[in-house]
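Architecture and fold: a report
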Amino acid sequence: QVRLVESGGGSVQRGGSLRLSCAASGNFFSIDAMGWSRQAPGKQRELVAAITSGGRTNYADSVKGRFTISRDNAKNTVYLQMNSLKPEDTAVYYCNAIVLPTTPGRVYDYWGQGTQVTVSS
């Protein structure tokens, strides 16, 4: 079983910054891609940013230039640095990890419990 624990959410004013962290723990062989998604009230969950094990990144157009995703493979942790936050960034942010188990075969997609980010105007 793999567990993802997010931290770093909170409330900030427009233009502020927050840094989210997500640490994976459990019994697995390795982690492939990791990512952050968000879901605002009444809206579908959307991918915010993703990063491969090799460090290649991908961002939603709405956050390009403001958010930066990074990871520490030794710590099995992914980060999301969020700058110049806007009220429309308000959502529950979830991390996920594509995990390769110790037994060769299928890969698994695990999700964290989510952390609230609120940006006031």
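Residues numbered from 1 in each chain as written. Predicted model: local features only at pLDDT ≥ 70, side-chain atom pairs only at ≥ 80, totals over all residues. Heavy atoms only, no water.

**What about the overall build of the protein chain?**
Secondary structure assignment for the protein chain yields 0 helices and 11 strands. Ordered by position from the N terminus, the helices and strands of the protein chain form the series β-β-β-β-β-β-β-β-β-β-β. Taking 121 residues into account, the globule formula puts the C-alpha radius of gyration at 14 Å, and the protein chain, at 14 Å, falls close to it. Projected onto the principal axes, the alpha-carbon positions of the protein chain cover approximately 50 × 25 × 20 Å. (Helix = DSSP H or I, 4+ residues; strand = E, 2+ residues; numbered from the N terminus. Rg over C-alpha atoms; globule rule 2.2 N^0.38 Å.)

**Here we look at the sheet that holds strand β7 (residues 67-72)**
Strands sit in the order β1-β3-β8-β7 across an open sheet of 4 strands; the sheet is antiparallel. The open sheet has two free edges, formed respectively by β1 (2-7) and β7, since each of these has just one partner strand. Strand-to-strand twist in this sheet, taken as the mean axis angle between neighbours without regard to direction, amounts to 15°. As defined by bridge partners, β1 adjoins strand β3 (residues 18-26) across 6 bridges and the pair is classed as antiparallel. Bridge pairing in β3 places V2 opposite G26. (Pairing = 2+ DSSP bridges. Axes fitted to C-alpha atoms, helices over the stretch in contact; angles between N-to-C directions.)

**Here we look at the packing of aromatic side chains**
Evaluation of the coordinates by the stated rule reveals 1 aromatic pair. Over the aromatic face of Y79 sits the side chain of R19, whose NZ or CZ is 4.1 Å from the ring centroid. Directly above the aromatic system of Y94 lies the positively charged group of R45, at a separation of 3.8 Å from the ring centroid. (Phe/Tyr/Trp six-rings, centres within 6.5 Å; stacked < 30°, edge-to-face > 60°. Lys NZ or Arg CZ within 6 Å of the ring centre and 35° of its normal.)

**So, unusual backbone geometry**
Although it is not a glycine, N76 sits at a positive phi angle of roughly 50°. Mapped onto the elements of the fold, N76 is located in the loop between β7 and β8 (77-82).

**Observations regarding the side chain of E6**
The residue E6 is located in strand β1 in this model. This buried residue, E6, is left without a salt bridge; R45 holds the nearest opposite charge, at 7.6 Å. In terms of polar contacts, E6 uses its side chain to reach the backbone amide nitrogen of Q113, at 3.0 Å. For E6, the side chain forms a polar contact with the main-chain nitrogen of G114, separated by 2.5 Å. If we skip the residues at most four places from it in the chain, E6 touches S21, C22, W36, Y93, Y94, C95, G112, Q113, G114 and T115. (Buried < 20%, exposed > 50% of the residue type's maximum accessible area, 1.4 Å probe, protein only. Lys, Arg positive; Asp, Glu negative; His and termini not counted. Salt bridge = Lys/Arg side-chain N within 4 Å of Asp/Glu carboxyl O. Polar contact = N/O pair within 3.5 Å; in protein donor to acceptor, adjacent residues only side chain to side chain. Contact = heavy atoms within 4.5 Å.)

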